[in-house]
Amino acid sequence: MQLEKLSIGIGDRFSHQGEAQLRAIMKANEKGLSISPVWNKSNREHQLVHTVPTDVRQEADAAVKALGFKGKYFVDADHINMTTVAPFVDCSDFFTLDVAAFIGKESSPEAIGSFVTSCYKYMGELQVPGLDHTMHVTEAVLEKIAHKFLAATSQAAEIYKFLVEKKGAGNFITEVSMDEVETPQTPIDMLFILKMLADKGVPAQTIAPKFTGRFNKGVDYRGDLKQFAKEFEEDVLVIDFAVKEFGLPKELKLSIHSGSDKFSIYPIMAEVIKKHDKGLHLKTAGTTWLEEVIGLAKAGGEALELAKDIYIESLGRKEELCGPYADVIDIDMSKLPTPAEVQASRQISDASPAPSIDEGDLVRLTHRVRRGDTLSGIARAYRTSVSAIRSWNKLRSTRLMPGDRLTIYASRSASAGDR
Ligand SMILES: [Zn+2]
């Protein structure tokens, strides 16, 4: 079983978008590409929205049937481990073995020693074809890498063996993921991780390392684009070398877990894989629904009320909902509006954000609009401007309704003894 050279992992948290997503891939394929769709959903996502792995298989089969898609497609048991894999076994044919939790776990001195010994031929200045520098491989470097990754790769082997017993070798695709960790793996780490996987007989077809920068949910890539481009290209070259050197599947390619659309790095990845004629698995998450919530909020009326309910409900469960995503979410709680502020807002727009208030002299106030109040009158009273009040409150018009609450940043002197 083999992926096309290009494949896209489709995340769909609520299983409503399968057809639309497949249609997009079919449109790309009409233009001469040959992308394999792979529906993916992790155990934690199933738990959060109360779905089961077979739901994803049904969604994928139904979308493929409805649109008459003729290519290969797959269902990915995303980020599984030994304790969560069981319910995915029958309905999945792609397994992402998440061994991040085993990075840095103790391995026996014998295992470490024999790994280091097996790498003697690579010691010294190792030239990976295409790299503009050599890798400095010493016994100390190898020992360090073994301490860090041997247990994780052993764990991958254990899950792989379990799957072979259940499904038979060759009947599923294997991905190994280490992306949800804090520290990126360097190209030299990657090289020897691949050797460990080859030694242990794990025929990975995709591998998901952690890259430099943040792959947070719902926002673009945050990090140094030049550094990302360099690491990405080095990993592509290292994989090419590892495939030939260690006998891994020749279709082995990088898997990028995007978290959500990462438009700033897509062109970089496209350039590198074209340059070296390599494949890529782009695994998108199920965060498309967040865009739909933005659409609801912008639509106003009943839709906005629904978006508000979602926000307020989620805020109350923040720890529970964000906990499992600690490495891929950065939320500055101080910038989030309170439930009361959200409840009171009449529109949410993507107009200019409120100015950042860092002058110690300013205080944040709420002004309750009374009959007869005008924006210019309020601005005068708080010694600020109409446009500032409109921007803080994202007001599209200057009309006020009695009872409206306005957020105002006023200087302490202006607010002293205010109403
Ligand atoms: Zn991931």
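Everything discussed here concerns the structure shown above.
Residues numbered from 1 in each chain as written. Predicted model: local features only at pLDDT ≥ 70, side-chain atom pairs only at ≥ 80, totals over all residues. Heavy atoms only, no water.

J.: Requested: an account of helix α10 (residues 301-316), with residues and values cited.
T.: Taking 1.5 Å as the rise per residue, α10 with 16 residues should run 22 Å; its terminal C-alpha atoms sit 23 Å apart, in good agreement. If you check which residues of α10 are buried, you get Ala 303, Leu 304, Ala 307 and Lys 308. One side of α10 carries all its buried residues, which in axial view fall inside an arc of 140 degrees. α10 presents Glu 302, Glu 313 and Gly 316 as exposed residues on the side facing more than 90 degrees away from its buried surface. (Helix = DSSP H or I, 4+ residues; strand = E, 2+ residues; numbered from the N terminus. Expected span 1.5 Å × (residues − 1). Buried < 20%, exposed > 50% of the residue type's maximum accessible area, 1.4 Å probe, protein only. Arc of directions from axis to C-beta.)

J.: With reference to specific residues and values, describe the packing of helix α1 (residues 18-30) against helix α3 (residues 53-67).
T.: Between α1 and α3, the shortest axis-to-axis distance is 9 Å and the interhelical angle comes to 55 degrees. Of the possible angle classes, the one that applies to α1 and α3 is oblique. Helix-helix and strand crossings are classified by hand; for α1 and α3 the assignment is right-handed. When α1 is examined against α3, the residues Gly 18, Glu 19, Leu 22, Arg 23 and Met 26 are found in contact with a partner set consisting of Glu 59, Ala 63, Val 64, Ala 66 and Leu 67. (Axes fitted to C-alpha atoms, helices over the stretch in contact; angles between N-to-C directions. Parallel < 35°, antiparallel > 145°, perpendicular 65-115°, else oblique. Left-handed = near helix turned anticlockwise from the far one by under 90°. Contact = heavy atoms within 4.5 Å.)

J.: Got a sec to walk through the coordination of the zinc ion? Specific residues and values, please.
T.: Within the first shell, the zinc ion binds the protein through His 79 (NE2), Asp 179 (OD) and His 257 (ND1), at distances of 1.9 to 2.7 Å. Read from N- to C-terminus, the donor residues coordinating the zinc ion fall into the pattern H-x99-D-x77-H. Taken together, the positions of His 79 in strand β3 (residues 74-80) and His 257 in strand β9 (residues 253-257) put the pair 178 residues apart, joining distant regions of the chain. The exposure classification of His 79 matches that of His 257, with both residues buried. (Donors = N, O, S within 2.8 Å, 3.2 Å for Na, K, Ca; no water.)

J.: So what's going on with the packing of helix α7 (residues 225-246) against helix α8 (residues 266-276)? Residues and values would help.
T.: Viewed as axis vectors pointing N to C, α7 and α8 meet at an angle of 30 degrees, and their least axial separation amounts to 10 Å. Classified by the angle their axes make, α7 and α8 are roughly parallel. Both α7 and α8 take part in a crossing whose hand is right-handed. Packed against α7, whose contacting residues are Leu 225, Phe 228, Ala 229, Phe 232, Glu 233, Val 236 and Leu 237, the element α8 presents Ile 268, Met 269, Val 272, Ile 273, Lys 275 and His 276 at the interface.

J.: An account of the pattern of salt bridges is requested, with residue identities and associated values reported.
T.: Applying the stated criterion across every chain, the model contains 22 salt bridges. Taking the shortest distance from any N to any O, the salt bridge between Lys 318 and Glu 319 comes out at 3.8 Å. A salt bridge links Lys 335 to Asp 332, with the nearest nitrogen and oxygen atoms 3.7 Å apart. The exposed category is assigned to Lys 335, whose relative accessible area is 67%. (Salt bridge = Lys/Arg side-chain N within 4 Å of Asp/Glu carboxyl O.)

J.: Would you mind going over the pairing of strand β10 (residues 280-283) in detail, with residue names and values included?
T.: Neither face of β10 is exposed, since Leu 280 and Leu 282 on one face and His 281 and Lys 283 on the opposite face are all buried. Bridge count for strand β1 (residues 6-11) against β10 is 4 bridges, and the pairing is parallel. When the sheet's bridge partners are listed, Ser 7 is paired in β10 with His 281. Two strands pair when backbone bridges link them, and β9 and β10 are joined in this way by 4 bridges, in the parallel orientation. By the bridge assignment for β10, Ser 255 is matched with His 281. Of the crossover connections in this fold, the one passing from β9 over α8 to the parallel β10 is right-handed. (Pairing = 2+ DSSP bridges. Right-handed = clockwise from strand over helix to strand, strands pointing away.)

J.: Give me the lowdown on the packing of aromatic side chains, citing residues and values where you can.
T.: In total, this model carries 14 aromatic pairs according to the counting rule given. Their ring planes at 90 degrees and their centres at 6.2 Å tell us that Trp 39 and Tyr 73 sit as a pair that is edge-to-face. Highlighted residues: Trp 39 in strand β2 (residues 35-42) and Tyr 73 in the loop between α3 and β3, separated in sequence by 34 residues. Look at Trp 39 and you get buried, because its relative accessible area is 1%. On the accessibility criterion, Tyr 73 (22% relative accessible area) is partly exposed. Aromatic side chains Phe 215 and Phe 228 sit 6.2 Å apart centroid to centroid with 55 degrees between the ring planes, which places their arrangement in the tilted category. Of the two residues, Phe 215 sits in the loop between β8 (206-208) and α7 while Phe 228 sits in helix α7, which places them 13 residues apart along the sequence. (Phe/Tyr/Trp six-rings, centres within 6.5 Å; stacked < 30°, edge-to-face > 60°.)

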